[in-house]
Amino acid sequence: MDNRKILLSLALLGGVASTSIARAETGWYVLGGVNSTTVDQFNSRNTGTSDPNQGPVGGPSISVTDSDTGVSAFIAGGYQYDFSPDFYGAVEVFYSDEQAETQTFNSVKITDIELDASYGIDFKFGHNVTDRLAIYGLLGVTQFDFDGQASYTFAPPIDDLSDEEAAFVYGGGLEISFDDHWSTIAEFRLSNDVEFDTPVDRGGVQSEDEFDFAVIRTGLKYRF
């Protein structure tokens, strides 16, 4: 898939690079770049029947999905500690301005969700493969901010669905150093089964919404 090709290309670039630059040292750093965030939405509306002419306001039980990818900017800062010349850990906080939107049409209900922002904290554990190239894994917690609304085919009212949800994130990446201060990173991040707090709709049905997030992050890093 395309995401794997991107990471593989950067890994090969790091592998063939010269090893004349020293490894990063313990200390503070800042980071900024671009996110490509893919949001997969899963919407279930259980009306208690499969008959299209029964159930609340004439709607059957249906599960629908939608997906969208948005490109946005992020900023981050953190502290890296070298356990040895080959291994290190880092704590990092970040903020991302998100742009992805999804829409599901489930029987009589139309749900529009916009991911506005994400922010959180990551714990990274890395290995210096060469003086230029490092690979790392990450675990963290991310807060996702949503704006949304529910509208209906049978009535004009619109329900506000704005919400904030926290979720665990996991992933990995690689870092290629240019010199003692500057480097570039490529990172893949996943959050699964994030439940969205959806109120009972105008048909008297409690819908269930879940989201999966897949993020490719690239950027420049400066070590102080």
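This part is about the overall build of the protein chain. Across its full length, the protein chain holds 1 helix and 10 strands. The linear arrangement of helices and strands in the protein chain, starting from the amino end, is α-β-β-β-β-β-β-β-β-β-β. Counting over 224 residues, the protein chain shows a buried share of 43%. Taking as baseline every contact in the protein chain between residues at least 6 positions apart, the subset at least 24 positions apart corresponds to 68%. Accessible surface, the protein chain: about 11,000 Å² in total, of which carbon and sulfur atoms supply 57%.

Next up on the list: the pairing of strand 4 (residues 101-106). With burial as the criterion, only one face of strand 4 is covered, namely that bearing Thr102, Thr104 and Asn106; the residues Glu101, Gln103 and Phe105 on the opposite face remain uncovered. Sheet topology places strand 4 next to strand 5 (residues 109-128); 6 bridges connect them, and they run antiparallel. Looking at strand 5, one finds that Gln103 is bridged to Asp112. In sequence, strand 4 turns back onto strand 5 through a hairpin of 2 residues, with Ser107 there showing a positive phi of about 60 degrees.

It is worth spelling out a nonpolar patch on the surface at this point. The grouping of Trp28, Val30, Tyr79, Tyr81, Phe83, Phe87 and Phe224 at the surface amounts to a nonpolar patch, some 820 Å² of accessible area in total. The topology assignment puts Phe87 in strand 3 (residues 87-97). Phe87 gets classed as partly exposed once you look at its relative accessible area, which sits at 43%.

So, about the packing of aromatic side chains. As enumerated under the stated definition, the model contains 9 aromatic pairs in all. Of the aromatic side chains, those joined through ring pairs into one cluster are Phe144, Phe146, Phe211 and Phe213. In this structure, Arg217 is placed above the aromatic ring of Phe94, and the distance from its NZ or CZ to the ring centre is 4.6 Å.

Thresholds, definitions, all that
Residues numbered from 1 in each chain as written. Predicted model: local features only at pLDDT ≥ 70, side-chain atom pairs only at ≥ 80, totals over all residues. Heavy atoms only, no water. Helix = DSSP H or I, 4+ residues; strand = E, 2+ residues; numbered from the N terminus. Buried < 20%, exposed > 50% of the residue type's maximum accessible area, 1.4 Å probe, protein only. Contact = heavy atoms within 4.5 Å. Areas by Shrake-Rupley, 256 points an atom, 1.4 Å probe, with all protein chains shown as cover. Pairing = 2+ DSSP bridges. Patch = residues over 30% accessible without salt bridge, like charges linked within 9 Å, V, L, I, M, F, W, Y side chains within 5 Å. Salt bridge = Lys/Arg side-chain N within 4 Å of Asp/Glu carboxyl O. Phe/Tyr/Trp six-rings, centres within 6.5 Å; stacked < 30°, edge-to-face > 60°. Lys NZ or Arg CZ within 6 Å of the ring centre and 35° of its normal.

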